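Given next are the chains, with one letter for each unit.
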Amino acid sequence: VTDAPVATTQRVIKMASHPSGALEDDDFELVDAPVPEPADGEALVRTLYLSLDPAIRVWMNGIDTYVPGIHVGDVMRAGGLGEVVQSRNAAYTEGDLVFGMMQWSEYCIARAGPDGMMTLPRQEPITAFLSVLGVTGLTAYFGMFDVAQPKEGETVVVSGAAGAVGSVAGQIGKIIGCRVVGIAGGPEKCAWITDELGFDAWIDYKSENVAARLRETCPDGIDVFFDNVGGEILDAVLGQINLHARIALCGAISQYDTAELSPGPRNFINLIPQRGRVEGFILLDYRDRFVDAILQLGQWVQEGRIRYAEDIVDGLENAPAAFRRLFTGENTGKLIVKVAE
Ligand SMILES: NC(=O)c1ccc[n+]([C@@H]2O[C@H](COP(=O)([O-])OP(=O)(O)OC[C@H]3O[C@@H](n4cnc5c(N)ncnc54)[C@H](OP(=O)(O)O)[C@@H]3O)[C@@H](O)[C@H]2O)c1
């Protein structure tokens, strides 16, 4: 048991209203709140970095899915990295670096048991545990190896290709020996994925006709689609899939921040003659294998075979504005908020 002195009040960001459509400033509220007291079996954690993931926008609809929905008045949630500052649990020691589900707040509680936080080595840069060695890198890893299962020589298309998940998914495709085509928004992101990350071709969905460019860049058709976006881009890809194509539904960001979902893809029917498979997945289902995947991703990063980008915004108070950038494409790489040193 440690009892280092900490502040008694902290800043937290609450959800002030359920957004309908695009996020607004007044969907969030920055307020002062007491620092929680850890009970027996718990620890108090100072938040260092928060991972802003597109899925949080879906949680804000207030509907329980694989995690509980966020309701008006709740403190916003996010995965994060923190430092243990007080402990009433032998599993946590003051000074430990921990990862887990945290809040948009300066302090939070680490529980005991299966809902507890994971203690991590202090390996620099620690933000990699939120990006390439964290949720986004792991999502790319399991989505590719377990769900999409591309084979050497196949053609893989990735949407959201310059994003945190998509950029790693595409590079894994290259490691496997595939032709990889990335769909991203704008010339800079498109140049980055081909010139820096080694994708074979890009499609700028903001200025080009995606179906026409898929025909040009995938002359042998599409064997695997790793989809982060959904909507019209998914529809365009479905129209050009090969026999036994595999479509890994990782995310559908084009649908998260709109008041009304777009109608289902017209080319869905193409899955029948092509005997295609569409499979959604959630990273949490693979938690038993995280350690092996982190070691493999870390090795590829060290060897220079996987490169990654992080977009770190300073200050808890800037989290709402930063979060909105995910839906306009203004983030470049894994979006992280730095809350404390
Ligand atoms: N299944 C899982 O367990 C799991 C886990 C983590 C993440 N995900 C999903 O993975 C996807 C990527 O997440 P991330 O954290 O790596 O974010 P990210 O790709 O780094 O950032 C989001 C990107 O999405 C693109 N985007 C936004 N609105 C769009 C639209 N209407 N149409 C097309 N593209 C749009 C933007 O890039 P452009 O500039 O290219 O438009 C933006 O930069 C999300 O769908 C997320 O929900 C799933």
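Residues numbered from 1 in each chain as written. Predicted model: local features only at pLDDT ≥ 70, side-chain atom pairs only at ≥ 80, totals over all residues. Heavy atoms only, no water.

1. Focus on empty space enclosed by the protein
A complete count under the given rule lists 1 cavity of 30 Å³ or more for this structure. The computed volume of the largest cavity comes to approximately 40 Å³. At 3 residues, the largest contribution of residues to the lining of the largest cavity is made by helix H3 (residues 164-176). Per-class residue counts for the lining of the largest cavity are 6 nonpolar, 5 polar and 1 charged. (1 Å grid on protein atoms, 1.4 Å probe; cavity = no way out; pocket = protein on both sides within 12 Å on 5 of 7 lines; lining within 4 Å. Points joined across faces, edges and corners; volume = space filled by probe spheres on them. Helix = DSSP H or I, 4+ residues; strand = E, 2+ residues; numbered from the N terminus. Nonpolar A, V, L, I, M, F, W, Y, C, P; charged D, E, K, R; others polar.)

2. Points about the sheet that holds strand S9 (residues 155-159)
Overall, parallel pairing links the 6 strands, which are arranged S11-S10-S9-S12-S13-S14 in an open sheet. Each having just a single partner strand, strand S11 (201-204) and strand S14 (277-280) make up the two edges of the open sheet. Sheet twist, expressed as the average angle between the axes of neighbouring strands with direction ignored, equals 15°. For S9 and strand S12 (residues 222-227), the ladder comprises 3 bridges, and the chain directions are parallel. (Pairing = 2+ DSSP bridges. Axes fitted to C-alpha atoms, helices over the stretch in contact; angles between N-to-C directions.)

3. A word on unusual backbone geometry
Residue Pro125 is bonded to the preceding Glu124 through a cis peptide linkage, with omega at -10°. Counting through the fold element by element, Pro125 comes out in the loop between strand S8 (118-120) and helix H2 (135-148). Non-glycine residue His244 carries a positive phi angle of around 60°. Structurally, His244 can be placed in strand S13 (residues 241-249). Relative accessible area serves as the criterion here: at 47%, His244 is assigned to the partly exposed category. For Arg275, which is not a glycine, the phi torsion comes out positive at approximately 50°. Of note, Arg275 is situated in the loop between S13 and S14. Residue classification places Arg275 among the exposed positions, given a relative accessible area of 54%. (Buried < 20%, exposed > 50% of the residue type's maximum accessible area, 1.4 Å probe, protein only.)

4. Remarks on the pattern of salt bridges
One pass over the structure, following the stated rule, counts 19 salt bridges. Residues Asp25 and Arg324 are paired through a salt bridge, measuring 2.4 Å at the closest nitrogen-oxygen approach. Pair noted here: Asp25 is in the loop between strand S2 (9-15) and strand S3 (28-34) and Arg324 is in helix H8 (residues 319-325), with a separation of 299 residues, a long-range link. The exposure class assigned to Arg324 is partly exposed, which follows from its relative accessible area of 29%. We note a salt bridge from Arg213 to Glu208, for which the minimum N-O separation is 3.1 Å. With relative accessibility at 15%, the residue Arg213 sits in the buried group. (Salt bridge = Lys/Arg side-chain N within 4 Å of Asp/Glu carboxyl O.)

5. With respect to the layout of surface pockets
Computed from the structure, the second largest pocket encloses a volume of approximately 360 Å³. Lining the second largest pocket are 18 residues, and of these Gln123, Phe129, Leu133, Ile294 and Gly298 sit closest to its centre. Where the lining of the second largest pocket is concerned, the elements lending two or more residues are S8 and helix H7 (290-302). With 7 residues, H7 is the largest single contributor of residues to the lining of the second largest pocket. Of the residues in the lining of the second largest pocket, the class split is 13 nonpolar, 4 polar and 1 charged.

6. With respect to the confidence of the model for the protein chain
Residues shown with low pLDDT carry predicted positions that ought not to be read at fine detail. In this model, the protein chain carries an average pLDDT of 96, and 99% of its residues clear a pLDDT of 70 or more. Considering each helix and strand of the protein chain separately, the mean pLDDT is smallest for strand S1 (residues 2-3), with a value of 56, and largest for S9, with 99. (pLDDT = per-residue confidence, 0-100.)

7. Some points on the site of the ligand
Contacts to the ligand come from 27 residues, most closely from Gly185, Lys189, Tyr205, Leu283 and Asn331. The separation between an oxygen atom of the ligand and a polar side-chain atom of Tyr205 is 2.5 Å. Taken by itself the ligand offers 920 Å² of open surface, and the protein chains cover 91% of this. Elements represented by at least two residues in the shell around the ligand include exactly H2 and H3. (Near = heavy atom within 4 Å. Polar contact = N/O pair within 3.5 Å; in protein donor to acceptor, adjacent residues only side chain to side chain. Areas by Shrake-Rupley, 256 points an atom, 1.4 Å probe, with all protein chains shown as cover.)

8. Overview of helix H4 (residues 187-196)
An α-helical segment advances 3.6 residues per turn. Residues three or four places apart therefore align on the same side. Looking only at H4, the buried set comprises Lys189, Cys190, Ile193 and Thr194. For H4, the arc enclosing every buried residue in end-on projection is 120°, short of the 170-degree limit, so these residues lie on one face. Every exposed residue of H4 that faces more than 90 degrees away from the buried side is listed here: Pro187, Glu188 and Asp195. The positive-phi residue at the C-terminal boundary of H4 is Gly198, with phi of around 85°. (Arc of directions from axis to C-beta.)

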